[in-house]
Structures are given as structure tokens and as C-alpha cells.
Amino acid sequence: MSEQFYDIIGDTHGCYEECLQLIRTCGYKNGIHPENRTLVFIGDITDRGPDSLQMINLVHWLVYERKTALYVPGNHCNKLYRYFKGNRVVINHGLETTVAELHALSQDENQLIKRKFMQLYEQSSLYLVLDHGNVVCSHAGIKRQDIGKNGRQIQSFVLYGDVDHQSTKKGQPPIRRDWALNEKRTMPWVIYGHTPVISPRVVNATINIDTGCVFGGKLTAFHYPELTFSTVSSNQPLQVDKFNSYEHEETIDDYK
Ligand SMILES: [Mn+2]
């Protein structure tokens, strides 16, 4: 049984420079790791940040040309996909920056990016079960009881999180439940992002690695099976109000 090695990268949201730096920090040269490690992007690679299209190029290149990366979609990816398909979507919540980048391109360049992104999205799994089932990667997380399932509700949870529709008021941002707090501390590891936190949040063998790079935090990679993190600091201005904090914090050292 060969052990598999992963570097799982949190929400990049168009922070291409920081992403390149993080990949280099992880030891990749020209998209390849000398010890055959694999990158995993956990979604929301576009919107809000400065270089969403470069992120699409990079992830597509790593996944399809270098074949050294895996990708799962996030809610922003889902919306961009619907935009590319020609569905009627509201261009807000960061999509406007990606659309502005697209408008600055020639028609041919536009088509190429669209083709790459649609391939990435259409061929992606909703979530990834890795290392013989010991690690699951999902954009907004997944309850362990739902691993292996694929219905509409699971799709919504994986992309948008555990949204409390009843408590969410009209016109207000969706209220998200703290699903990870109610999980049992058992395997597999669940690695996810979606909700910005200042430092990786470890609870019940789940880890949120969205450290809000686009909001001036940092970009985080979780190394498996080493159970360590690498980070690069953001080039963006810090927006403190975008970050969530939690009680009952654990640390990764509690698992070693
Ligand atoms: Mn998200």
C-alpha cells in the first residue's frame, strides 16, 4: 500500500502571486514535486482578487498538463460556470472582478479561458476521497455520514456550507451553521475552506484552511500525511471584519 502525499491549498480567489509563492514553498518546480507530491485546490480559485484568469490557467495547467494537481469546485466556481454557460447570474460578490478581466481579453483569449474553466469544472468531483479514504477534501466541508453520497443536498452543502435557510433574513448574508463542531472526532480528516479564519481552524479532525488571502490574511497549504501547514502572507489589504472566530479551538498538535 503506497502512501500518498498531498499539499492541499485553501481558497485563492485570484491571489495568483501568493499561490505561486506557496507552491514554490511546497517544493514544486515547474509544477512538479521531486517527491511526487500532489497539489489539491479546494475551490474558489476566482473572484474578488486581482488575477482570477491566471488562477484558471495555472490550475488547468497543473491538472491537465503537469497532472500534479487535483481540484474540487467551490460556490464561486459554480457561479462562474453558470455564467460561462450563459445562464442568467447576478454579477456580484466578486464575480464582477473576473468578468472585468474577461472583458479585457480578445474573443479568442476569452474562448480559451472559458474552455479551460469549463473542462476543469465539468470533470471535477464534488469532493475528493484520498489516501484510501483517510482524507476528504471539499470546498465548504462535508459531514462524515454524507461521504459517498451525491444528492442535491450534499451538493449544496459541499458548495455553500451548512446554510440555515430558516434563520437567514431576506437580503442578508446566509447564516452558516458550525457543522464541524458537531462532528465526532474520528477519521477521515475533512479538509475544507469557504469561511475565512485568521489561522487554520482544527476541530474534530476537520480543518478549515481558508485563511482569507484575498482579505489580507494568508494563503495556507496543509501537508498530508505530515499534518503540518505552510503559509504565505497576502499582498492584499487586511479586512478584519471578513474573518470568523470560534471558541473550542484545538490545534493540529493535538493529533500528533
Ligand atoms: Mn466559498
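For clarity, every value in this text was computed on a predicted model and none was experimentally measured. (Residues numbered from 1 in each chain as written. Predicted model: local features only at pLDDT ≥ 70, side-chain atom pairs only at ≥ 80, totals over all residues. Heavy atoms only, no water.)

**Considerations on the sheet that holds strand 8 (residues 206–208)**
Point 1. Pairing is mixed in the open sheet, where five strands are placed in the order 4-5-6-8-7. Both edges of this open sheet fall to strand 4 (128–130) and strand 7 (201–203), since each of them pairs with a single strand only. Direction aside, neighbouring strands of the sheet carry axes that sit 20° apart on average.
Point 2. Looking at chain direction, strand 6 (residues 189–192) and strand 8 are connected through three bridges and run parallel. Bridged to Tyr 192 within strand 8 is Asn 208. (Pairing = 2+ DSSP bridges. Helix = DSSP H or I, 4+ residues; strand = E, 2+ residues; numbered from the N terminus. Axes fitted to C-alpha atoms, helices over the stretch in contact; angles between N-to-C directions.)

**Quick look at helix 2 (residues 52–66)**
Structurally, the α-helix is built with 3.6 residues per turn, so residues lying three or four positions apart point the same way.
Point 1. Taking 1.5 Å of rise per residue, 15 residues should cover 21 Å, and helix 2 covers 20 Å from first to last C-alpha, within 8% of that figure.
Point 2. Turning to helix 2, its buried residues are Ser 52, Leu 53, Met 55, Ile 56, Leu 58, Val 59, His 60, Leu 62 and Val 63.
Point 3. On its buried face, helix 2 is in contact with helix 1 (16–25), strand 2 (38–41), strand 3 (69–71), helix 3 (75–84), helix 4 (95–103) and helix 5 (107–122).
Point 4. Following helix 2 by one or two positions, Lys 67 has its phi on the positive side, about 55°. (Expected span 1.5 Å × (residues − 1). Buried < 20%, exposed > 50% of the residue type's maximum accessible area, 1.4 Å probe, protein only. Contact = heavy atoms within 4.5 Å.)

**Considering the sheet that holds strand 9 (residues 218–224)**
Point 1. Taking strand neighbours across the sheet as the criterion, the five strands line up as 3-2-1-9-10 in an open arrangement whose pairing is mixed. Every interior strand has two partners, whereas the edge strands, strand 3 and strand 10 (228–233), have only one. Adjacent strand axes in the sheet meet at a mean angle of 20° when their direction is disregarded.
Point 2. Pairing of strand 1 (residues 6–9) with strand 9, which is carried by four bridges, proceeds in the antiparallel orientation. Bridge pairing in strand 9 links Tyr 6 to Tyr 224.

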